[in-house]
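So the chains spell out like this:
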Amino acid sequence: MQLYLPIADLPVNVLLILAMGAAVGFVSGMFGVGGGFLMTPLLIFVGISPAVSVASVASHIAASSFSGALSYWRRRAIDPALAAVLLTGGIAGTALGVWVFTVLRNLGQLDLTIALSYVILLTGVGGAMFWEGLRAFVRLRRGAPVTFRRPGSHSWVHGLPLKMRFKRSKIYLSVIPVVAVGLLIGFIGAVMGIGGSFILIPILIYWLRIPTSTVIGTSMVLTLVTMVIATLLHAVTNHLVDAVLALILMIGGVTGAQFGARAGQKIRGEHLRLLLGLLILAVGIRFAAQLVIQPDDLFTIRDLTGGGGS
């Protein structure tokens, strides 16, 4: 069943796009990530331009995050205070990211920037998460305890001023690194069309030492708000949000996220980190291969004069 996308300017198979949205929504709910790191490359792989993919996927990420966040809220697995501080930086970062996106598009460097950013970010983060997850899995199989918050293991970050007590997470931490992290995630999300949770979650767990029990749900709140803002800004400033594509992705994403959130509650944290790292790494490698594979058509001939004769 073919459907024409007005902004993307090409026909697509509705069932294929719907299935992609549901699959990525499932991943989003299961791992607590926005899913944009997977959805944006998939749309690019099926022929949709990077600019339209980034702008349109933001709404899909928001829908999936809302569905998943609702599930975690019911389980009291969201820290409202931590989410509010993260959003302080996240909203500013999103606005800055949309501005940079517009500048790169006007310079004609947007597509290359998006592609290179995905290769570097996904392979780096995915490789690191996969290695850490594998080490934790091996320690677990050997019967060794797996600890992520050792007493006295706080870094210089925990000595910064302007500290605030986050009761739900049971941690006393400066708001400075939290705002900075939100700013980074909002910026990356707006430029690359990703929720950024696959970066946010490791930072909150390993760097800021926030308990895993509240990290996933809280990250979804940040993703939800920043992606809603990114969608609105992209629609107003760049006119690249394809409403038809976004609607199909949202329908599939909301459905898949509910099942993914239930599945994620039944899998050990070590296994989740291992699987998420492997998935991110695989997408990064696939994107790198897409850049270096020689195309079937090395060049095209276009008539720029508008005439057909000599």
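Keep in mind that what you see is a predicted model, and the values were worked out from it rather than measured. (Residues numbered from 1 in each chain as written. Predicted model: local features only at pLDDT ≥ 70, side-chain atom pairs only at ≥ 80, totals over all residues. Heavy atoms only, no water.)

A few points about the overall build of the protein chain
Okay, so step 1: When its secondary structure is counted, the protein chain shows 10 helices and 4 strands.
Okay, so step 2: Looking at the 310 residues of the protein chain, the share that counts as buried comes to 50%.
Okay, so step 3: Put simply, 79% of the contacts in the protein chain that link residues at least 6 apart link residues at least 24 apart.
Okay, so step 4: Of the roughly 14700 Å² that the protein chain leaves accessible, carbon and sulfur atoms contribute 67%. (Helix = DSSP H or I, 4+ residues; strand = E, 2+ residues; numbered from the N terminus. Buried < 20%, exposed > 50% of the residue type's maximum accessible area, 1.4 Å probe, protein only. Contact = heavy atoms within 4.5 Å. Areas by Shrake-Rupley, 256 points an atom, 1.4 Å probe, with all protein chains shown as cover.)

Examining the packing of helix α7 (residues 197–207) against helix α8 (residues 212–237)
Okay, so step 1: Contact pair α7 / α8: the axes reach a minimum separation of 10 Å and the direction vectors enclose 140 degrees. Relative to α8, α7 is oriented so that their crossing is right-handed. Facing α7, whose interface residues are Ser197, Leu200, Ile201, Leu204 and Ile205, α8 presents Thr212, Val215, Ile216, Ser219, Leu222 and Thr223. (Axes fitted to C-alpha atoms, helices over the stretch in contact; angles between N-to-C directions. Left-handed = near helix turned anticlockwise from the far one by under 90°.)

Observations regarding a nonpolar patch on the surface
Okay, so step 1: Taken together, the side chains of Met1, Leu15, Leu18, Leu247 and Ile251 present a nonpolar region at the surface, about 520 Å² in accessible area.
Okay, so step 2: For the nonpolar patch, the secondary structure elements donating two or more residues are α1 (14–31) and α9 (243–264).
Okay, so step 3: Note on placement: Leu18 falls in helix α1. (Patch = residues over 30% accessible without salt bridge, like charges linked within 9 Å, V, L, I, M, F, W, Y side chains within 5 Å. Salt bridge = Lys/Arg side-chain N within 4 Å of Asp/Glu carboxyl O.)

Points about the nonpolar core
Okay, so step 1: Core analysis: the largest hydrophobic core is formed by 80 residues, its most contacted members being Leu43 and Phe198.
Okay, so step 2: Looking at this core element by element, the count peaks at 10 residues for helix α3 (residues 50–74). (Core = buried A, V, L, I, M, F, W, Y, C linked by side-chain atoms within 4.5 Å.)

Some remarks on the environment of Ser169
Okay, so step 1: Its place among the elements puts Ser169 in the loop between β3 (163–166) and β4 (171–174).
Okay, so step 2: As a C-alpha pair, Ser169 and Ala77 span 92 residues in sequence and 9.0 Å in three-dimensional space.
Okay, so step 3: Once you skip the residues sitting within four places of it in the chain, Ser169 turns out to touch Asp79, Leu82, Ile210, Pro211 and Thr214.

What to know about the pairing of β4
Okay, so step 1: Two strands pair when backbone bridges link them, and β3 and β4 are joined in this way by 4 bridges, in the antiparallel orientation. Paired with Lys163 across the two strands is Ser174, which belongs to β4.
Okay, so step 2: Counted between consecutive antiparallel strands, the loop separating β3 from β4 contains 4 residues, among which Lys170 sits at a positive phi close to 55 degrees. (Pairing = 2+ DSSP bridges.)

Observations concerning the side chain of Ser174
Okay, so step 1: Tracing the sequence through the fold places Ser174 in strand β4.
Okay, so step 2: Looking at Ser174, its side chain comes within polar contact range of the main-chain nitrogen of Ile176, at 3.2 Å. (Polar contact = N/O pair within 3.5 Å; in protein donor to acceptor, adjacent residues only side chain to side chain.)

Quick word on the environment of Ala84
Okay, so step 1: Here Ala84 lies in helix α4 (residues 80–107).
Okay, so step 2: Judged by its relative accessible area of 43%, Ala84 is partly exposed.
Okay, so step 3: Along the backbone, Ala84 and Leu222 are 138 residues apart, and their C-alpha atoms lie at a distance of 8.3 Å.

Some thoughts on helix α2 (residues 36–45)
Okay, so step 1: By the criterion of burial, α2 is predominantly enclosed, with 8 of the 10 residues buried.
Okay, so step 2: Within the span of α2, buried status applies to Gly36, Phe37, Leu38, Met39, Thr40, Pro41, Leu43 and Ile44.
Okay, so step 3: Positive phi shows up at Gly47, right after α2, with a value of about 110 degrees.

Some thoughts on the packing of helix α6 (residues 175–192) against α7
Okay, so step 1: The N-to-C vectors of α6 and α7 enclose an angle of 165 degrees; their axes lie 10 Å apart at closest approach. The orientation of α6 with respect to α7, classified from their angle, is roughly antiparallel. Note on packing geometry: the crossing formed by α6 with α7 is right-handed. Along its contact with α6, which presents Pro177, Val181, Ile185 and Ile188, the element α7 presents Ile199, Leu200, Ile203 and Trp207.
Okay, so step 2: Residue classes in the contact of α6 with α7 are distributed as 8 nonpolar, no polar and no charged. (Parallel < 35°, antiparallel > 145°, perpendicular 65-115°, else oblique. Nonpolar A, V, L, I, M, F, W, Y, C, P; charged D, E, K, R; others polar.)

Keep in mind that these numbers describe shape and distance, not what the molecule does.
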